[in-house]
Amino acid sequence: MIVYHEPSRTYTLHTKHTTYQLAVHPTGVVQHVYYGPRLRDCDLTGLLRYADRGFSPNPEEAGADRTFSLDTTPQEYSTCGVGDFRLPSIEFELPCGSRTADLRYARGEIRRGKYALEGLPAFYGGEEEWETLSLVLRDDAAQAEVELLYGVLEEYDLITRSVLVRNVGEGPVRLCRCASLCLDLPRSDLDMVTFNGAHLMERCPSRAPLRPGIQSAGSVRGASSHQHNPFVILCDREANEDYGLCYGAMLLYSGNFQAAVETGQFENARLVMGVNPYHFTWTLEPGGVFSAPEAALVCSEAGLGEMSRRFHRAIRDRLVRDHLRGRRKPVLVNNWEATYFDFDPEKLLAIAREAAALGVELFVLDDGWFGKRDDDNSGLGDWQVNTDKLPGGLEALAPTINGLGLSFGLWVEPEMVSEDSDLYRAHPDWALRVPGRAPARGRNQLVLDFSRREVRDHIYAQLHRVLSSAPVTYVKWDMNRSLSGVWSAALPPQRQGEVYHRCVLGVYEMLERLRTDFPEILVEGCCGGGGRFDGGMLYYTPQIWCSDNTDAMDRLRIQYGTSFCYPVCTMGAHVSVVPNEQNGRVTPLETRGIAAMSGAFGYELDLSKCTPEEKACICRQIETYKARWELLQLGDYYRLTDPFREGPYTAWAQVSPDRREALVSVVFGGARAVSPFRVLKLKGLDPGARYQVDGAGCWGGDALMHAGFPLPAVKGDYQAVQLHLTAVDDQLPPCNCVLIESGSINI
Ligand code: GLA
């Protein structure tokens, strides 16, 4: 619900559990007033206080009043060069050469439904569930209108933000910065959590108290990156999973981004998040509009766990567009780690045959099926089947796979080109490259200039042909290097600052075409694993390969970090061989299965080489997954331990929304003798219900949460158990708690 209160000129945005208020000051500056737990309708502008502060200038409209300064008042969208010295949200380059921005309120509108952002990912939903607040601000010197957009998805406690910049003058308008979100908080005693890492170890949380100055996370790699994620949290210093005020901010963007927080001189904090200003400029012709990517905010007064669950629900139901919604996604097998480039139809069919017998439903042919591609030095850009390797092409292979009872999927990497390819030989200027500079190669490949329509059209036509040639139901869309030498032969020098962003828009446009033309294809995103795991991609690819690291123990950490914003069903996770290909660790197959099924589940190993015992175990895993997928993929997710802290085990649980059922997964670390008796306290259960625990009797919800469940002692490294809990009917006579003996749980 959005309410406008004329006497105080406040707009108040209510979600089910949160309230956000902003006010229009008599000067026309739009001030931020409050964001936090839900309040009744009220005017909170009394919270805004004014004082004459040294070295804080006063705008013209303040007249003789020296207490109003842009430098000190909290704002909805910060300007630059006109008296606010903190992080700017927007910056114009005026025709005179000045780089400033100054905004004053012109008009506001509250309307039903959600605003639209052309060509950009965005949360969606029905007219009846969304409300939009549009505030139009003007910068007369820049001849521009800046429209701040707020979407309120009340039931999901989600507030989205975006910004449209419109050229309302006669000449060009040049933007040098345009953030999606500015959030001015009246306090700085907060922790900032960012999610950082590297290829093979993505999204490791890092938490630190805000300190004076600017702290930030961001990417200049052309993709949101393995190194930092466009999701940040600001929270109470003492906030934990279950307690404390937390703000989560995600940016639905897959390119260069920046999320920066500045702690100001008066113990306040400003978060600015959006497209990274690095090498960004945008020229708007008269009437032209620039749309900043959407950002989304969640506030939880009940700790990080509840914040994550709010994001999970909203992303699952109102961001991901999944034609399989409400249905189980197929269990897949991917041949990458099984064969790499070295395959022929025999090898592939041997894996597929075994997979079908074990209950797998989808066979994915990874890299190496096209062009001249026997290693990663050539072939990208030539999206025709290599019939030397696959005689008869996909037209022969896919139906044979179908005949085994499996659907068929295919890997592609459309944004890239190898210099050793027909495409590059024909169109060398289609690769991004700075004139006069030698290109830097990544994986010995270059990046195509997706800002250019003709480049995208050419690649798309090839993909369309391939995907129409066979019954393909799944595509893995990969991207295996960072962008460098970013320069487009199609744009003049003064517009080169648009190339990074135009490339991202090009990727989105291609993915949208793919969705439209092949609505039945499930597209999984990938970028050397999780290098582009963000809300932007999730709008087009309902799942993303979480990491190239398939080691179960490392995956516990990667999936844990990822879970702070993104739901389990979006995280591609596969069981692979041991010793693990990335780190050499040996973990039990059961453990690998338990780690992978808390993700978009599949296998990535040569199933034809598995022993009978391994096959039996895989069969059981697939049966468990099929029986419990709803709980695993759609249940409320509870992190029970932090795998980054030294501890004997990692545990998490999925609980059905009605709290009648739960699945608890526990993965132990290295073996030790005489281990202490361990008790695991569960979360999210109904304290008044009694639960039947698989093979371990009946327990009260209150007991399981407050006293805990006795974990079995396990032998050997990296063992795992899964406990399935179902609430038993209240009419039944009281249960007796059966204390289990070490290792007696049926798993
Ligand atoms: C990337 C992906 C892998 C695999 C290879 C193929 O690294 O993340 O899963 O598809 O490319 O080259």
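Please read all numbers here as calculations on a predicted model, not as lab measurements.

Participant: Would you mind going over the packing of aromatic side chains with me for this structure?
Facilitator: One pair of aromatic rings is described through two measures. These are the centre distance and the angle between the planes. Here the structure, examined in full by the defined rule, presents 28 aromatic pairs. Ring centres of Y278 and Y500 lie 6.1 Å apart, and the angle between their planes is 55 degrees; this geometry places the pair in the tilted category. Note that Y278 is positioned in the loop between β18 (269–275) and β19 (282–284) and Y500 in helix α7 (residues 499–517), a separation of 222 residues in sequence. Overall, the relative accessible area of 42% leaves Y278 in the partly exposed class. Here a set of aromatic residues connected by ring pairs shows up, and it is made of F195, F231, F311, Y560, F564 and F644. The ring of F564 carries R639 above its face, with NZ or CZ at 3.7 Å from the centroid.

Participant: Which parts of the structure should I look at to understand the sheet that holds strand β1 (residues 2–5)?
Facilitator: Picture the strands of a sheet paired through backbone hydrogen bonds; they go either parallel or antiparallel. The strand order β1-β2-β3-β4 describes an open sheet built from 4 strands, whose pairing is antiparallel. Taken across any chain shown, the strands that pair with only one partner, and hence form the sheet edges, are β1 and β4 (30–37). Across the sheet, the axes of successive neighbouring strands diverge by a mean angle of 15 degrees, strand direction being ignored. Relative to β4, strand β3 (residues 18–24) is paired through 7 bridges, and the arrangement is antiparallel. The residue bridging T19 from the neighbouring strand is G36, located in β4.

Participant: Even after reading the chapter, I still don't get the state of the cysteines, so can you show me in this structure?
Facilitator: Under the counting rule described, the total for this entry stands at 0 disulfides. Here C246 is not cross-linked by a disulfide; its sulfur's nearest cysteine counterpart is in C235, at 5.2 Å. Here C246 falls in the buried class, since its relative accessible area comes to 0%.

Participant: Sorry if this is basic, but what is going on with the pattern of salt bridges here?
Facilitator: Close approach of charged atoms allows side chains with opposite charge to pair. On inspection of all chains with the given rule, the structure shows 64 salt bridges. For E93, the salt bridge identified is with R99, shortest N-O distance 3.8 Å. Overall, E93 belongs to the partly exposed group, its relative accessible area being 28%. For D457, the salt bridge is made with R513, and the minimal N-O distance between the two is 2.7 Å. Placement of the pair is D457 in helix α6 (residues 453–469) and R513 in helix α7, with a sequence separation of 56 residues. Each member of the salt-bridge network shares a partner with another, and the members are D157, E301, E306, R309, R310, R313 and D636.

Participant: Explain the site of the ligand to me, please; I cannot follow it from the model alone.
Facilitator: Looking at the ligand, there are 13 residues lining it, with D366, D367, R443, K476 and D548 nearest. Here W411 contributes a side-chain N or O atom positioned 3.0 Å from an oxygen atom of the ligand. For the ligand, whose unbound accessible area comes to 310 Å², protein coverage reaches 96%.

Participant: Explanation requested: the environment of S563 in the structure shown.
Facilitator: In this fold, S563 is placed in the loop between α9 (552–562) and β30 (571–575). According to the relative accessible area criterion, S563 is buried, its value standing at 0%. Separated by 561 residues in the primary sequence, S563 and I2 have C-alpha atoms spaced 30 Å apart. Filtering out sequence-adjacent residues up to four positions away, S563 remains in contact with S308, H312, M571, Y637 and R639.

Participant: Honestly, the nonpolar core in this entry has me stumped. Any pointers?
Facilitator: Among soluble globular proteins, nonpolar side chains are generally buried collectively. Counting 189 residues, the largest nonpolar core has F92, V165, M250, L365 and W369 as the members making the most contacts within it. Looking at this core element by element, the count peaks at 9 residues for α7. One finds L682, L685, L711 and L725 within the second-largest nonpolar core, a separate group that totals 26 residues.

Participant: Sorry if this is basic, but what is going on with the sheet that holds strand β39 (residues 720–728) here?
Facilitator: Pairing within the open sheet is antiparallel, and its 6 strands lie in the order β32-β33-β34-β39-β36-β37. Two strands in the sheet have a free side with no partner beyond their single neighbour: β32 (636–639) and β37 (698–700). Across this sheet, the average inter-strand angle for adjacent strands is 25 degrees, counted without regard to direction. Along the sheet, α9 makes contact with β32, β33 (649–655) and β34 (661–668), crossing β34 at roughly 130 degrees.

Participant: Would you mind going over α9 with me for this structure?
Facilitator: In an α-helix there are 3.6 residues to a turn, and that puts residues three or four apart on one side. The element α9 is extensively covered by neighbouring structure, given that 10 of its 11 residues are classed as buried. For α9, the set of buried residues is A552, M553, D554, R555, L556, I558, Q559, Y560, G561 and T562.

Participant: Is there a simple way to think about the packing of α9 against helix α10 (residues 589–597) in this case?
Facilitator: The angle between the axes and the distance between the axes are what describe a pair of packed helices. Interhelical geometry of α9 versus α10 gives an angle of 20 degrees and a closest axis separation of 9 Å. Regarding the angle of α9 to α10, the classification is roughly parallel. For α9 against α10, the interelement crossing comes out left-handed. Seen from α9, the contacting residues are A552, L556 and Q559; seen from α10, they are T591, R592 and A595. Within the contact of α9 with α10, the residues separate by chemical class into 3 nonpolar, 2 polar and 1 charged.

Participant: Which parts of the structure should I look at to understand the pairing of strand β27 (residues 472–477)?
Facilitator: Two faces belong to every sheet, and in a regular strand the side chains alternate between them. Within β27, 5 of the 6 residues are buried, which leaves the element mostly enclosed by the surrounding structure. Judged from the 4 bridges that link them, β27 and strand β28 (residues 522–525) form a sheet pairing that is parallel. Residue pairing for β28: V475 is matched across the bridge by V523. Note on the crossover from β27 through α7 to β28: the handedness is right-handed.

Rules of the game
Sequence positions are assigned chain by chain, starting from 1 and proceeding in written order. Owing to the predicted nature of the model, reporting of local features is limited to residues with pLDDT of at least 70; listing and counting of side-chain atom pairs is limited to 80 or more, with chain, interface and lining totals taken over all residues. Only heavy atoms go into the side-chain values, all of them from the structure, while hydrogens and water stay out. Pairing of aromatic rings covers Phe, Tyr and the six-membered ring of Trp, with a centre-to-centre limit of 6.5 Å; geometry is then stacked below 30 degrees between planes, edge-to-face above 60, and tilted otherwise. For helices the rule is a DSSP run of H or I covering at least 4 residues; for strands it is a run of E covering at least 2, with both sets numbered from the N terminus onward. We call a residue buried when its accessible area falls under 20% of the maximum for its residue type, exposed when it is over 50%, and partly exposed in between, using a 1.4 Å probe and counting protein chains only. Definition used: whenever NZ (Lys) or CZ (Arg) falls within 6 Å of the ring centre and also within 35 degrees of the ring normal, the charge is taken to sit over that ring. One bridge is not enough; two strands pair if DSSP finds at least two bridges between them. Lines are fitted to the C-alpha atoms to define the axes, a helix being fitted only along its stretch in contact, and any angle between axes, read from their N-to-C directions, falls within 0 to 180 degrees. Note on disulfides: each one is a pair of cysteine sulfur atoms within 2.5 Å. Salt bridge, as used here: a side-chain nitrogen of Lys or Arg that lies within 4 Å of a carboxyl oxygen of Asp or Glu. One heavy atom within 4 Å of a molecule or strand makes the whole residue count as near it. Polar contacts, as used here, are pairs of N or O atoms within 3.5 Å; protein pairs need one atom able to donate a hydrogen and one able to accept it. Residues neighboring in sequence count only if both atoms are side-chain atoms. For every accessible area listed, the method is Shrake-Rupley and the probe measures 1.4 Å; residues are considered covered only by the protein chains on display. By definition in these notes, contact holds between two residues if any of their heavy atoms fall within 4.5 Å. We call a set of buried Ala, Val, Leu, Ile, Met, Phe, Trp, Tyr and Cys residues a nonpolar core when their side-chain atoms join them within 4.5 Å. Here the angle decides the label: under 35 degrees means roughly parallel, over 145 means roughly antiparallel, 65 to 115 means roughly perpendicular, and every other value means oblique. A crossing counts as left-handed when the near helix is turned anticlockwise from the far one by less than a right angle, and as right-handed when that turn is clockwise. Under the grouping applied here, Gly and all other residues not named as nonpolar or charged are polar, the nonpolar ones being Ala, Val, Leu, Ile, Met, Phe, Trp, Tyr, Cys and Pro and the charged ones Asp, Glu, Lys and Arg. Here a crossover is taken to be right-handed if, once the strands point away from the viewer, the path from the first strand over the helix to the second is traced clockwise.

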